[in-house]
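Each chain is listed here by its residues.
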Amino acid sequence: MRTLDSLAEAVGTLDGTRVIVRCDLNVPLRDGVITDDGRVRASLPTLNVLVNAGARVIVCSHLGRPDGVPDPRYSLAPVAQRLSELLGKPVAFARDTVGESAQEAVAALEDGGVVVLENLRFNPGETVKDDAERRAFAEQLAALGDAMVSDGFGVVHRKQASVYELAQILPSAAGLLIETELDVLDRLTENPERPYTVVLGGSKVSDKLGVISHLLPRVDRLLVGGGMLFTFLAAEGHAVASSLLEKDQLDTVRGYIAEAGERGVELVLPTDVVVAERFAADAAHEVVAADAIEQSAFGAAGIGLDIGPDTAARFAEAIRGSRTVFWNGPMGVFEFPAFASGTKAVAEALASVDGLGVVGGGDSAAAVRQLGFADDRFGHISTGGGASLEFLEGKRLPGLTVLGWE
Ligand code: ADP
Ligand code: MG
């Protein structure tokens, strides 16, 4: 894969060169305020290298899903401001992506200067299915720079103009964030230190089928929590009341249970769950055995919203006894404090793993930060949810192939 060093060679010198950096600055915002700046911080190493090399740095990113039209709710202006604070230097902001404002801001850049372009997805060409239309938008972007660095790991599984076509048009290379993410993911797939445990949770089994089938032959233990645990319990013949259940996945899940048995993978399912009266932060709730969910005080109306304390303790022990752990998907509805205990127990155990502990997934990363864990307590927090899952599924990602990755 082409890296920053090879880019410097390809363009002669980075000094004075206009470098477009495709970052993933898709941060969560509440009323225009960034609630988690993890992705902005993750983009700093590459930006600092370019700034120090005297490049004229043009940062572009998407934010949310504005659907191809400008929408002030999804403006990158607050992100540009935060980036300026973190870089400790002024950062210009263009009010459009490839229009007059962008062109003027780029023309005004000095060596080592930084500008952030407005949200890529304010332009339909960024994500449009039609190859020619995407290419046309990528050409407009390319006209702003002399070289391109791809560093938005969260979008490398997408064939989008700024990720794929732009990297074909300009001399391009991967940035340091992509290099770091790939190093960690490689350690999860090539000869991981054992025992190797994967912890899966989150809302849907159907989102994680690919990763389960790809990882089953590779792991020693698979722990299942979150919304998907109920499809596993149902597959084993237990009633799950009104909990999240994907009936159409029951056969697939039975297949996984059988495969785990054949391969000697220890499949750890919850023995108890927290059942609530309804889906709400202040809902009445109680802990019941995993095979007695309908016997809770709420009967058939009960909804499982977290793993129980016994399960949390067993999961924590399995995690602590591992040398490599990959965790994707919260153990419960952590957004409601009453149902965050399982997620917290798993995060706590992961933070004390003697070996490599990786958190993958947008909501999982948000969960650990919301629960007050500092990033450096984990081996790695991946900035890419979908991208890291697709990588672990063994898929070839277009945004990496285009950079010469095999
Ligand atoms: P990630 O973004 O880390 O990959 P997902 O998007 O798969 O994670 O899932 C995150 C969501 O799963 C959270 O919003 C959480 O509330 C939800 N979730 C976890 N457990 C349950 C449950 N028992 N019932 C319903 N939703 C759940
Ligand atoms: Mg998610």
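Note: the structure precedes this text.
For clarity, every value in this text was computed on a predicted model and none was experimentally measured.

Novice: Which residues make up helix α11 (residues 250-263), and what are the values?
Specialist: For the α-helix, the turn length of 3.6 residues means that residues three or four positions removed from each other point alike. With 14 residues, α11 should reach 20 Å at 1.5 Å per residue; the first-to-last C-alpha distance of 20 Å fits that figure. Within the span of α11, buried status applies to L250, V253, Y256, I257, E259 and A260. G264 occupies a position one or two residues after α11 and carries a positive phi of about 75°.

Novice: Give a detailed account of the sheet that holds strand β11 (residues 266-268), specifying residues and quantitative values.
Specialist: Judged by pairing direction, the sheet is parallel, and its 6 strands sit side by side in the order β11-β10-β9-β15-β16-β17 without closing on themselves. With partners counted over all chains shown, the strands left at the sheet margins are β11 and β17 (380-381), one partner each. By the bridge criterion, 2 bridges tie strand β16 (residues 356-360) to β17 in an arrangement that is parallel. Along β17, the bridge assignment pairs V359 with I381.

Novice: Outline the site of ligand 1, supporting the account with residue identities and numerical values.
Specialist: K208, G304, E335, D363 and S364 are the nearest of the 18 residues found near ligand 1. G362 places a polar main-chain atom, nitrogen or oxygen, 3.5 Å from an oxygen atom of ligand 1. Between D363 and ligand 1, the recorded distance is 2.9 Å, taken from a side-chain N or O atom to an oxygen atom. Mapped onto the shell around ligand 1, the elements with two or more residues apiece are β14 (303-307) and α14 (362-370). When residues in the shell around ligand 1 are grouped by element, the largest group, 3 residues, is from α14.

Novice: Tell me about the pattern of salt bridges, and please be specific about residues and values.
Specialist: Following the criterion strictly, the structure yields 23 salt bridges and no others. Linking R221 and E266 is a salt bridge whose minimum nitrogen-to-oxygen distance equals 3.3 Å. Taken as a pair, R221 in strand β10 (residues 221-224) and E266 in strand β11 lie far apart in primary sequence, 45 residues in all. Ionic pairing is found between R369 and D375, a salt bridge with its closest N-O pair at 2.9 Å.

Reading guide: rules and limits
- Residues numbered from 1 in each chain as written.
- Chains lettered and ligands numbered in written order.
- Predicted model: local features only at pLDDT ≥ 70, side-chain atom pairs only at ≥ 80, totals over all residues.
- Heavy atoms only, no water.
- Helix = DSSP H or I, 4+ residues; strand = E, 2+ residues; numbered from the N terminus.
- Expected span 1.5 Å × (residues − 1).
- Buried < 20%, exposed > 50% of the residue type's maximum accessible area, 1.4 Å probe, protein only.
- Pairing = 2+ DSSP bridges.
- Near = heavy atom within 4 Å.
- Polar contact = N/O pair within 3.5 Å; in protein donor to acceptor, adjacent residues only side chain to side chain.
- Salt bridge = Lys/Arg side-chain N within 4 Å of Asp/Glu carboxyl O.

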